[in-house]
Amino acid sequence: MKKKFFLSFIISSMCFTFLFIGVDKFVIGDYMGTVEGKEVDELEEEKKEIEKPDQKIKNEVLVLLLGVDGNNVTQEKGLRTDTMMLGKANFDTGEIDLLSIPRDTRVKVKGKSDKINHAHSYGGPELALKTVEDFLNVNIDYYVKVDFKGIKEIVDAIGGVELDIPRNMYYQDPVAKPPLRINLKAGLQTLDGQKAHDYLRFRSYPEGDIGRVQAQQYFMKELVKQTLKPSNLLKMDKLIKTYYDYVDTNISLGNMLKYALSAGKLDIENINTTMIPGEGRYIGEGSYWVYDEQATNSLVELIFGDYRR
C-alpha cells in the first residue's frame, strides 16, 4: 500500500521533489520534532534498522517525477501525466540532474505504441514507472506524484513566484478538466498559484512541446530558489501541510528521513536539465514526439549509466 507523508519530496512542475530536501533539518527539527515519541536523532540512528538503503549508488537517489492533469493526486487511473521527469540527486557532489520526457513521446505502453502520458491513465504511477524503465532501460525505485491543485497551493503559500514571461500567453480549452482559460502578459511579474498553473499548462509554443518543457524547467528552477529564501522558511509549517495533502509517493518514511538528513549537501544552483532528443511528427491522426533512439541511449548512458539494466 502506498503511503503519503509530509516528509515527501516535492515535485515541481513538477519537480518539487528536490525542493523539500533542500530545507533539510530546519523542517525536521522545527515541524516534526518527534515521530511516534522518538526524537529525530533517535530516528537517525534507527533508520538503518528500519530500512536498508536500496539505491544502487551510495548517497544518490533516482526518482520519477509525475505531474497529473487533475485535482486528485490519490486517483490511481484515468488521469494522464501532464509532466514527467526523471530526477537524480547525488548527496556527495551536490549535483541534481533532471531529464524531461515530453508527454507525447511515442513508446510501448502495455506492449502497444502509445503516448507515454497515457501510461498513468491505464495503470497509475506503477505502470508509468514501469513504462519509463522499459523505455530508458533503467531501474527506478521511486516515484513522486503531484496534482495541479497542489502546485497552486504551494505557490500561494510562498507568496507567488517571480518569472520573466517571454511572450503573451493566451489559450482556452473549455472542455478540459478543469477548463483552461489562460491569459498571461509578457514581462517580469509575480505569479500567484492560479497564474502559475496557467503558465505551466500553456501549450501554444512555436517550438511545440520543446517550448513547454523548457518553460516547465525554468519554472522549477525559480520555484526552488525562491522557496528557499529565508523569509519563506518561516512559512514551512504551511508548506509541509500542503505537501502532505497533495503529494503521493512510494518512498518510505525511513528513506525520506535518510535523504532529508543528507540534503544539506545538495547545491540548488547545480541543477542540470535536459530532455529526450527527437522531433515532433504526425503519425496517422496523432501528434507524437518521436525520440532519436541513438541520441537518447547516449544521453541516458551519460546521466543514468549506473542504473542501466
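Scope of this entry: the structure provided in the associated data block. Remember, it's a predicted structure, so these values are computed and weren't measured experimentally.

### Structural notes on the environment of Met 220
Along the polypeptide, Met 220 turns up in helix 7 (residues 209-227). The class for Met 220 is buried, based on a relative accessible area of 2%. Each C-alpha atom, one on Met 220 and one on Leu 200, is 9.9 Å from the other, the two residues being 20 residues apart in sequence.

### Focus: the sheet that holds strand 3 (residues 60-68)
A sheet is described by the order of its strands in space; here six strands give the open sequence 13-8-3-4-5-14, paired in mixed fashion. Edge positions in the open sheet fall to strand 13 (247-249) and strand 14 (271-275), since each of these has one partner strand only. Neighbouring strand axes in the sheet, compared pairwise and without regard to direction, differ in orientation by 20° on average. For strand 8 (residues 142-147) and strand 13, the ladder comprises three bridges, and the chain directions are antiparallel. Bridge pairing in strand 13 places Val 144 opposite Thr 249. Together, strand 4 (81-90), strand 5 (96-100) and strand 14 form the strand contacts of helix 7, whose direction differs from that of strand 14 by roughly 165°.

### Some details on helix 5 (residues 148-157)
With seven of its ten residues buried, helix 5 lies for the most part within the structure. Among all positions of helix 5, only Phe 148, Gly 150, Ile 151, Lys 152, Ile 154, Val 155 and Ala 157 are buried. Backbone geometry just downstream of helix 5 places Gly 159 in the positive-phi region, at approximately 80°.

### Quick notes on the pairing of strand 6 (residues 106-109)
Residues of strand 6 alternate between two faces, with Val 107 and Val 109 buried on one and Arg 106 and Lys 108 left unburied on the opposite face. Both strand 6 and strand 7 (residues 112-115) contribute to a ladder of four bridges, which runs antiparallel. Across the sheet, Val 107 pairs through a bridge with Asp 114, a residue of strand 7.

### Thoughts on the packing of helix 5 against helix 6 (residues 193-201)
Between helix 5 and helix 6, whose axes approach to 7 Å, the crossing angle comes to 130°. What the angle tells us is that helix 5 and helix 6 run oblique. With respect to the hand of their crossing, helix 5 and helix 6 are arranged in right-handed fashion. Residues Phe 148, Ile 151, Lys 152, Val 155 and Asp 156 of helix 5 touch helix 6, and the partners they reach there are Gly 193, Gln 194, Ala 196, His 197, Leu 200 and Arg 201.

### Things to note about the packing of aromatic side chains
Applying the stated criterion across every chain yields a total of three aromatic pairs. Ring centres of Phe 202 and Tyr 205 lie 5.1 Å apart, and the angle between their planes is 80°; this geometry places the pair in the edge-to-face category. Like Phe 202, the residue Tyr 205 is buried in the burial classification. Above the ring of Tyr 288, the side-chain terminus of Arg 106 is found at 5.4 Å from the ring centroid. Sitting over the ring of Tyr 288, Lys 115 keeps its end group 5.5 Å from the ring centre.

### Description of the packing of helix 6 against helix 7
The angle between the axes and the distance between the axes are what describe a pair of packed helices. Two numbers describe how helix 6 lies on helix 7: the axes approach to 8 Å, and their chain directions differ by 145°. On helix 7, the residues that touch Ala 196, Tyr 199, Leu 200 and Arg 201 of helix 6 are Arg 212, Ala 215, Gln 216, Tyr 218 and Phe 219. Per-class residue counts for the contact of helix 6 with helix 7 are six nonpolar, one polar and two charged.

### Some words on the side chain of Thr 105
Mapping Thr 105 onto the fold places it in the loop between strand 5 and strand 6. The exposure class assigned to Thr 105 is buried, which follows from its relative accessible area of 0%. At a separation of 2.7 Å, a polar atom in the side chain of Thr 105 contacts the main-chain carbonyl oxygen of Pro 102. For Thr 105, the residues in contact, after removing those within four places along its chain, are Asp 114, Lys 115, Ile 116, Phe 135, Trp 289 and Tyr 291.

Quick notes on the rules
Residues numbered from 1 in each chain as written. Predicted model: local features only at pLDDT ≥ 70, side-chain atom pairs only at ≥ 80, totals over all residues. Heavy atoms only, no water. Helix = DSSP H or I, 4+ residues; strand = E, 2+ residues; numbered from the N terminus. Buried < 20%, exposed > 50% of the residue type's maximum accessible area, 1.4 Å probe, protein only. Pairing = 2+ DSSP bridges. Axes fitted to C-alpha atoms, helices over the stretch in contact; angles between N-to-C directions. Contact = heavy atoms within 4.5 Å. Parallel < 35°, antiparallel > 145°, perpendicular 65-115°, else oblique. Left-handed = near helix turned anticlockwise from the far one by under 90°. Phe/Tyr/Trp six-rings, centres within 6.5 Å; stacked < 30°, edge-to-face > 60°. Lys NZ or Arg CZ within 6 Å of the ring centre and 35° of its normal. Nonpolar A, V, L, I, M, F, W, Y, C, P; charged D, E, K, R; others polar. Polar contact = N/O pair within 3.5 Å; in protein donor to acceptor, adjacent residues only side chain to side chain.

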